[in-house]
Amino acid sequence: MNAFDRAFRAMRSDLEVHLLSIFSVGVAFVCLVTAMLVVVNVQHVQNRWQHIGKLSVYLNANTAPERINDLDAALRATPGVSGVRFVPSEEARRELMSDHGDDTLAALPEQAFPASLEVDTQESLTFEAREQMAKQLQILPGVESVETYANWSSKLATVFSGGVTAAAVLALIVLGAVVSVVSSTIRMALQKRHVEVEVLKLVGATDSYVRGPFIVEGAAQGALGAVVALSLVGALYSFVRGTFEAHLTALLGVNISFLPWTLSAGLLVGGAALGAGAAYLSLRRLLVV
Amino acid sequence: MVLGLSDSAFRPSALRRGQRFDPTAADRPVLVFDGVFKAYRPDCPVLRGFSLTIQRGEFMFVTGPSGAGKSTLLRLLYAAEQVDAGRILFLGREVGRLTQDSVPFLRRNIGIVFQDFKLIENFTVLENVGLPLQVLGLPERVVNLRVGEVLERVGLGGRGHERASVLSGGEKQRVAIARAIVSEPALLLADEPTGNLDPQLAVDILGLFEDIHSTGVTVMFATHDRSLLDIRPRRVVVLDEGRAFDVPQGLEGAALGAA
C-alpha cells in the first residue's frame, strides 16, 4: 500500500470528519473565489473602457452648421478615426429619455443636452493617442469640451486595485482558515490512528513513510475544498448570468465571464499545497513516537 | 536472512562503504549492555550500571517485580528511550549514538511483541502482519506470500482476511508474534506477552516463542510470571534494584544447585 492507498483508506474510514473539513475549507475558499471573480470581471470592464475607442466632442450652443461640418470633415480625415456622427441637442435628449423613461428629463433646459460629435476611433489607437487627440480638439473654436471616458477608466482602475487588495486580504484569511481546519482534522486523525502510527514506527517506518498519507489527506482536503468553492461559485455565476445577462451586458458593456481555467487550476493546486503544508506542519510537532 | 532484509536495512559498520567485511562479526554477541544507567527521576534510578551480554541464538528471560525496569530495558534497546550513561551495542552498533534517521533501520532488525498486542483493529490479519514488509517497500505478491507462511507458522493459516478486531486475545497475540517475525529480525523482544492471557494460553504462546527460537532467532522474553520460568531451564536475568543478576541455568536449576 502506498501513501495514496493508505490515505484513501483512512479518508473512507473517517468520511464524516473529512467531508466536514472539505466543506469548511470550501466555505473559506468561496470568499476568495468570489472576490477573484469580481476582480476578473472588473478588469474586463476596465480593458473594455480603455479600448472602447469613443470620444464625445460637445459643441457650443451657438456653433454654426458650417463650423460643425468643418469639424466633421477634419475629424474624418484624422488618422485613427473610423467614424463620426453628429447628435443634435434634441436627439441627445430623446436618447436619454428612451433609455431612462423619466419624464422629468423633458423639463430640463436645452443646455443640459449639448449637441455633440460622437467619434469612433480604431481599437488600435492607444489611450495616449486618444488623449492627445482630445487635447487638440479642445482648443478648436466651437468645441465646448471633449469626453474621452478616461475618468471612467481611472475610476475602474481604482475599483480594480481595491478588488485586488480585498482579494489579497481574503487570500490571507483563507490561508489561515485552511491551515487551521486542515491542522485540526489531521490532529484528530492522528489521535484516532495513534496505534497505527506507533506500530508503523516500531516496525521501522521512517517519518516520511508515516507522514505520507496524512500529507496526502491534507492536500486532498485543500484541493477538494477549492473544488467545492469553484463549484458553488460556478453554480451561482451560472444562475446570475442566466437571469441577468442582458442587464449586466447593457450596464457594463461586456459579457461577464467566470475565472479563466488557469486561475481555477491555480486555486486547485494552491489549495492542495496549502493543505499539504498545513498537514506537514501539524505533524512535525506531533509525530514523536 | 531469507529475505535479505536485515543486511540491507541495518548495516553493521563492517559492511559500510570503505570498510572490509569481517567474518568474525558473526561470532560476536548480538547484544551487549555495558554499565547502563537510566533514571526518570534523579533520586530513583531504574537501571544502575546494568551489564549483560546476549549471544546469537540465545533464549533469555528477563524477570523482576513490576517497576523493576524490564520494559525500560527493552525501550532502551529499540531506541524509544535514551540511556543516561553506559552503552548498548546491538550487532556491534551503539544504539545511543544512532541518529534519529537511523532508528527506523535499527527497528527493522528487532521484532517486538507487546502485552497489549498493538494491532491495528480495522486492518485485517494479513495487513497487520504485512506491515513490516510494506514499510520495506516489498511488492504486494512477496508480502502476501511471506505473510501466508508466517501465519501458518503461528497457527493462523487461512485467517488472513479476518479483521483483527474479531480475534480472541490468544489469536491477537499470535498475530502480533507473526508481525514481529515476518521480516526475520535478528532479535525478538517480548514485553510481558502473556500478561493479558490465561495460564494455558500463556504456555501456548511461550511454546510458540520456543518454536521460533529453535529456528535460530535470538529471543529476549520479559515477564514477571514465575510459572513460565519453571517450564524449561533457560537463562534468566533477574532485575533487582536496577542491576542484573544472571542465572544461566534458570531459576529452578539455580535452586537445585544451591541445595
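(A) Molecular detail of the pairing of strand β3 (residues 116–121) of chain A. All names here are of chain A. Judged by how many residues are buried, β3 sits mostly within the fold: 5 of 6 residues are covered. Inspection of the sheet shows strand β1 (residues 54–59) paired to β3 by 5 bridges, in the antiparallel sense. For Lys54, the partnering residue across the bridge sits in β3 and is Asp120. Sheet topology note: the strand β2 (residues 81–87)/β3 ladder contains 6 bridges and is antiparallel. What sits directly across from Gly83, in β3, is Asp120.

(B) Looking closely at the packing of aromatic side chains. Per the counting criterion, the structure on display carries 7 aromatic pairs over all chains. Centre to centre, the rings of Phe59 of chain B and Phe61 of chain B are 5.3 Å apart; their planes meet at 65°, and the pair counts as edge-to-face. Phe59 of chain B sits in the buried class, given a relative accessible area of 4%. With centroids separated by 5.3 Å and ring planes inclined at 75°, the aromatic side chains of Phe61 of chain B and Phe221 of chain B adopt a geometry described as edge-to-face. Of this pair, Phe61 of chain B sits in strand β3 (residues 59–63) while Phe221 of chain B is found in strand β8 (residues 218–222), placing the two residues 160 residues apart along the sequence. In terms of burial, Phe61 of chain B and Phe221 of chain B fall into one category: buried. Three or more aromatic residues link up through ring pairs in this structure, and these residues are Phe59, Phe61, Phe209 and Phe221 of chain B. Across from the ring centre of Phe123 of chain B, 4.2 Å away, lies the NZ or CZ of Arg9 of chain A, which sits over that ring.

(C) Molecular detail of the environment of Val203 of chain B. All names here are of chain B. Within the secondary structure, Val203 is located in helix α7 (residues 199–214). By relative accessible area, which is 36% here, Val203 ends up partly exposed. In sequence terms Val203 and Leu228 are 25 residues apart; their C-alpha atoms lie 7.0 Å from each other. With residues up to four places along the chain from it excluded, the contact list for Val203 reads Leu228 and Ile231.

(D) Main features of the domain arrangement of chain A. You can read the domains of chain A as domain 1 (3–48 + 153–288) and domain 2 (53–148). Here the C-alpha centre of domain 2 of chain A lies 50 Å away from the C-alpha centre of domain 1 of chain A.

(E) Here's a closer look at the confidence of the model for chain A. On average, residues of chain A score 83 in pLDDT, and 94% of them reach the 70 mark or higher. Highest mean pLDDT in chain A belongs to helix α7 (residues 194–202) of chain A (91); lowest belongs to helix α4 (residues 89–100) of chain A (74).

(F) Geometry of the nonpolar core. With 40 residues, the main nonpolar core has Leu188, Phe209 and Phe221 of chain B as its most contacted residues. Those elements that provide at least two residues to this core are β3, α4 (125–135), α5 (140–153), α6 (169–181), β7 (187–191), α7, β8 and α8 (226–229) of chain B. With sequence-adjacent residues up to four places away left out, Phe221 of chain B is seen in contact with Phe59, Met60, Phe61, Val62, Ala190, Pro193, Thr194, Leu206, Phe209 and Leu228 of chain B. Within the second largest apolar cluster, 38 residues are counted, among which are Leu32, Val182, Ala229 and Ile256 of chain A.

(G) Local environment of a nonpolar patch on the surface. Together, Leu224, Val227, Leu268 and Val269 of chain A make up a nonpolar patch on the protein surface, roughly 300 Å² of accessible area in all. Summarising the element assignment, Val269 of chain A is placed in helix α9 (residues 261–286).

(H) Local environment of α4 of chain B. Residue and element names in this part refer to chain B. Counting buried positions over the 11 residues of α4 gives 10, a clear majority of the element. Every buried residue of α4 is accounted for by Val125, Leu126, Asn128, Val129, Gly130, Leu131, Pro132, Leu133, Gln134 and Val135. Gly137 occupies a position one or two residues after α4 and carries a positive phi of about 80°.

(I) Up close: the interface of chain B and chain A. At the interface, 20 residues of chain B touch 15 residues of chain A. In total, chain B and chain A occlude about 1,600 Å² of area from one another, counting both sides; carbon and sulfur atoms represent 62% of this. When the area that chain B buries against chain A is broken down by residue, the three leading residues are Arg107, Lys118 and Val135 of chain B, summing to 32%. Counting across the interface, chain B meets chain A through 2 salt bridges. The salt bridge involving Glu198 of chain A is made with Lys118 of chain B; its shortest N-O contact spans 3.2 Å. The interface formed by chain B and chain A includes 5 residue pairs in polar contact (both at pLDDT 80 or more).

(J) Highlighting the pattern of salt bridges. All names here are of chain B. Summed over all chains, the structure comprises 22 salt bridges over all chains. Among the salt bridges present, the one from Glu149 reaches Arg146, with a minimum N-O distance of 3.3 Å. Here Arg146 and Glu149 lie together in helix α5, a separation of 3 residues that amounts to about one turn. For Glu149, a relative accessible area of 45% puts it in the partly exposed group. Beyond isolated ion pairs, a larger network of salt bridges with shared partners links Lys38, Arg75, Glu81 and Asp84.

(K) Main features of the sheet that holds β3 of chain B. Residues and elements named next belong to chain B. Spatially, 6 strands are ordered β6-β7-β8-β3-β9-β10 in an open sheet, and the strand pairing comes out mixed. In the strand order of this sheet, the two ends are held by β6 (110–114) and β10 (243–247), each with one partner. With direction set aside, neighbouring strand axes in the sheet form an average angle of 20°. Bridge count between β6 and β7: 5 bridges; the pairing is parallel. Directly across from Ile112, in β7, lies its bridge partner Leu189.

The rules behind the values
Residues numbered from 1 in each chain as written. Chains lettered and ligands numbered in written order. Predicted model: local features only at pLDDT ≥ 70, side-chain atom pairs only at ≥ 80, totals over all residues. Heavy atoms only, no water. Buried < 20%, exposed > 50% of the residue type's maximum accessible area, 1.4 Å probe, protein only. Helix = DSSP H or I, 4+ residues; strand = E, 2+ residues; numbered from the N terminus. Pairing = 2+ DSSP bridges. Phe/Tyr/Trp six-rings, centres within 6.5 Å; stacked < 30°, edge-to-face > 60°. Lys NZ or Arg CZ within 6 Å of the ring centre and 35° of its normal. Contact = heavy atoms within 4.5 Å. Domains from an automatic or database assignment. pLDDT = per-residue confidence, 0-100. Core = buried A, V, L, I, M, F, W, Y, C linked by side-chain atoms within 4.5 Å. Patch = residues over 30% accessible without salt bridge, like charges linked within 9 Å, V, L, I, M, F, W, Y side chains within 5 Å. Areas by Shrake-Rupley, 256 points an atom, 1.4 Å probe, with all protein chains shown as cover. Salt bridge = Lys/Arg side-chain N within 4 Å of Asp/Glu carboxyl O. Buried area = accessible area lost by both parts, 1.4 Å probe. Polar contact = N/O pair within 3.5 Å; in protein donor to acceptor, adjacent residues only side chain to side chain. Axes fitted to C-alpha atoms, helices over the stretch in contact; angles between N-to-C directions.

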